[in-house]
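Residues per chain, in single letters:
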Amino acid sequence: MIDLRSDTVTRPSAAMRAAMAEAPVGDDQFGEDPSVNALEARIAALLGKEAALFVASGTMGNQVALNVLARPGDDVLLADEAHIVWHETGAAAANSGVQFRTIGDGGIFDGDAVRAAVHPRGHLVFPPTTLVVVENTHNRAGGIVVPQETVDGILAAAAELDLATFLDGARLFNVAAATGLPLDRLAAGFDIVSVALSKGLGCPSGSVLAGSAALMEKARRVRRRFGGAMRQVGILAAAGTYALEHNMDRIADDHANAKAIAARIGNIQGIRLAPVDTNIVIFHLTGGAMAADIVAKARERGILIMAFGAKTVRLTTHLDVSAEECATAGTVLAEILQA
Ligand SMILES: *Cc1c(COP(=O)(O)O)cnc(C)c1O
């Protein structure tokens, strides 16, 4: 099977497992796990932040950040189809009591959209807008990169309006690979940034939050409150450090493979392809075909892909699929879509 359902399906390599087996560990809740401490310091430095915090998953990172940056009843601005709104089982409402407003279009909004949407604090009826979230790359919009000048505009508006800012950078390494911009440039200006180790970098688990020392101290308590504080978790952190050293430079290969698949299916009648900036290919079925049908037909021919909606299909490239396998998948999919 060629598995393109998600970049989370990768399995840790023998070398990554060896690094995990050899990792020095201690009780991370006492701050005594050297492998966790090393990974947190490294990610903080990469993102240009004072401190960092290892968390079990991207969802936990997002939920901890929302809890730290907003209060119950607050109004949070996000892009349409944000992961936080669609893929976290209503967690932000359940955990933190915030309400969402999605703004912009196709996963992108700008500073003026923030200015137009913001509700003032202390108003008699409006929920106060206190936080703006940027998702980069934007998953459901097709792994698209939010242009850096747009990000800068959002941050300028947030500063003007005294809004906190969070970057859901589960795939920020893909943004760096696609744009050539350094990670600290992409993270600059955000109060808290999250990056995932379990997607393009191929780790079995883990995300890392980064921000000021004061915010990470709060985040550490919230992580505990949410049941996410772990003990000898350096075994997982060591996979992260291994991945930063060995799996970062090849992310551009995933992008080339995604573009190759898109090139094979892009001109087929009855589909509308989202822009392919990174390692995600999303297409919408504009004719009679249903996503579940396409997914089932692909499975019969050895290709695993995902229905992202009734008429939306997603494919994701990653370090466990080769250029040849992606070419095969593109050809097979083209045949299915043409039939
Ligand atoms: C995958 C993803 C997450 C959540 O990560 P998990 O580790 O699956 O919980 C958060 N944000 C975005 C944009 C994602 O794509």
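Draft legend 1. Focus on the overall build of the protein chain. Scanning the protein chain from N- to C-terminus turns up 14 helices and 13 strands. Taken over the C-alpha trace, the protein chain has a radius of gyration of 20 Å; the compact-globule value for 339 residues is 20 Å, and the two agree within 12%. Principal-axis analysis of the C-alpha atoms gives the protein chain an extent of 55 × 55 × 35 Å. Looking at the protein chain as a whole, 55% of its 339 residues are labelled buried. Looking at the protein chain as shown, the accessible area adds up to about 13700 Å², and 53% of this sits on carbon and sulfur atoms. Here the protein chain contributes 29 positively and 37 negatively charged side chains, and the mean placements of these two sets differ by 5 Å.

Draft legend 2. Quick peek at the site of the ligand. In the vicinity of the ligand, the contacting residues are Ser57, Gly58, Thr59, Asn62, His83, Glu135, Asn139, Asp168, Ala170, Arg171 and Lys199. Residue Thr59 places a side-chain N or O atom 2.6 Å away from an oxygen atom belonging to the ligand. Side-chain polar atom of Lys199 to an oxygen atom of the ligand: 2.9 Å apart, as the coordinates give it. Alone, the ligand offers 380 Å² of accessible surface; in the complex the protein occludes 85% of this. Of all the cavities here, the one that holds the ligand is the largest pocket.

Draft legend 3. The arrangement of the pairing of strand 5 (residues 129–135) in detail. Of all 7 residues in strand 5, 7 are buried, a share of seventy percent or more. As judged from the 3 bridges shared by strand 3 (residues 75–79) and strand 5, these two strands associate in the parallel manner. In the sheet register, Val76 faces strand 5, and the bridge partner there is Leu131. Pairing of strand 5 with strand 6 (residues 164–169), which is carried by 5 bridges, proceeds in the parallel orientation. Residue pairing across strands places Val133 opposite Phe166, the latter belonging to strand 6. In terms of handedness, the path from strand 5 via helix 7 (residues 148–161) over to strand 6 forms a crossover that is right-handed.

Draft legend 4. The environment of Val332, seen in detail. Residue position: Val332 is located in helix 14 (residues 323–338). Sequence separation between Val332 and Val25 is 307 residues, and the spatial gap between their C-alpha atoms is 46 Å.

Draft legend 5. Quick peek at the packing of helix 12 (residues 251–265) against helix 14. At a closest axis distance of 8 Å, the pairing of helix 12 and helix 14 adopts a crossing angle of 20°. Comparing their axes, helix 14 and helix 12 come out roughly parallel. In terms of crossing hand, the pair formed by helix 12 and helix 14 is right-handed. The residues of helix 14 that touch helix 12, namely those facing Asn257, Ile261, Arg264 and Ile265, are Ala323, Cys326, Ala327, Gly330, Thr331, Leu333, Ala334 and Leu337.

Calculation notes
Residues numbered from 1 in each chain as written. Predicted model: local features only at pLDDT ≥ 70, side-chain atom pairs only at ≥ 80, totals over all residues. Heavy atoms only, no water. Helix = DSSP H or I, 4+ residues; strand = E, 2+ residues; numbered from the N terminus. Rg over C-alpha atoms; globule rule 2.2 N^0.38 Å. Buried < 20%, exposed > 50% of the residue type's maximum accessible area, 1.4 Å probe, protein only. Areas by Shrake-Rupley, 256 points an atom, 1.4 Å probe, with all protein chains shown as cover. Lys, Arg positive; Asp, Glu negative; His and termini not counted. Charge placed at Lys NZ, Arg CZ, Asp CG, Glu CD. Near = heavy atom within 4 Å. Polar contact = N/O pair within 3.5 Å; in protein donor to acceptor, adjacent residues only side chain to side chain. 1 Å grid on protein atoms, 1.4 Å probe; cavity = no way out; pocket = protein on both sides within 12 Å on 5 of 7 lines; lining within 4 Å. Sits in = over half its atoms within 2 Å of the grid points. Pairing = 2+ DSSP bridges. Right-handed = clockwise from strand over helix to strand, strands pointing away. Axes fitted to C-alpha atoms, helices over the stretch in contact; angles between N-to-C directions. Parallel < 35°, antiparallel > 145°, perpendicular 65-115°, else oblique. Left-handed = near helix turned anticlockwise from the far one by under 90°. Contact = heavy atoms within 4.5 Å.

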